Amino acid sequence: MRLGTRTILPVALAASVIASATAPSHAKIACSGAYQISGGLHIATPYCEDEYLAKVARKFGVRTSGRLIRSSYSEKLSVCRAVGFDTRVREICASIVPSNRNGKNRIYP
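All values derive from a computational prediction rather than experimental measurement.

1. Structural notes on the side chain of glutamate 75
- Turning to its location among the elements, glutamate 75 is positioned in helix H4 (residues 73-83).
- Buried within the structure, glutamate 75 lacks any salt-bridge partner; arginine 58 is the closest side chain of opposite charge, at an N-O distance of 9.0 Å.
- In contact with glutamate 75, not counting residues within four places along its chain, are Arg63, Thr64, Leu68 and Ile69.

Here is the structure:
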């Protein structure tokens, strides 16, 4: 029995759809504080820093998320102005809200 291209193409397409449906989706990024865990090492990444900044901000009562901070510079600026004094996120916010000589955050960027 000879299979034509009309038969092989739908079978191949169906096989690829089934294979992609059973394959695991993107792995979740594992963060430890402001650092990403990759191969047993702690690496500073913007993703984990933003997630950690949001976590610290929520402890101060600021309603935000890592996704919102990543997608909006003004949100990150606002959050850093609110909680940038905290030693846990001072380094993350240093480039967003520079401090003056007294160590206090400026009102403007």
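2. Points about the nonpolar core
- By size, the foremost hydrophobic cluster in this structure holds 16 residues, and its most contacted members are Tyr52, Leu53, Val79, Cys80, Val83, Val89 and Ile92.
- For this core, the secondary structure elements donating two or more residues are helix H2 (46-59), H4 and helix H5 (90-93).
- With 5 residues, the single largest contributor to this core is H2.

3. Things to note about the pattern of salt bridges
- What the rule picks out here adds up to 3 salt bridges.
- A salt bridge links aspartate 50 to lysine 76; the nearest nitrogen and oxygen atoms lie 3.0 Å apart. Separated by 26 residues along the polypeptide, aspartate 50 in helix H2 and lysine 76 in helix H4 bring together distant segments of the chain.
- Judged by relative accessible area, aspartate 50 falls into the buried class, the value being 5%.

About the criteria used
- Residues numbered from 1 in each chain as written.
- Predicted model: local features only at pLDDT ≥ 70, side-chain atom pairs only at ≥ 80, totals over all residues.
- Heavy atoms only, no water.
- Helix = DSSP H or I, 4+ residues; strand = E, 2+ residues; numbered from the N terminus.
- Buried < 20%, exposed > 50% of the residue type's maximum accessible area, 1.4 Å probe, protein only.
- Lys, Arg positive; Asp, Glu negative; His and termini not counted.
- Salt bridge = Lys/Arg side-chain N within 4 Å of Asp/Glu carboxyl O.
- Contact = heavy atoms within 4.5 Å.
- Core = buried A, V, L, I, M, F, W, Y, C linked by side-chain atoms within 4.5 Å.

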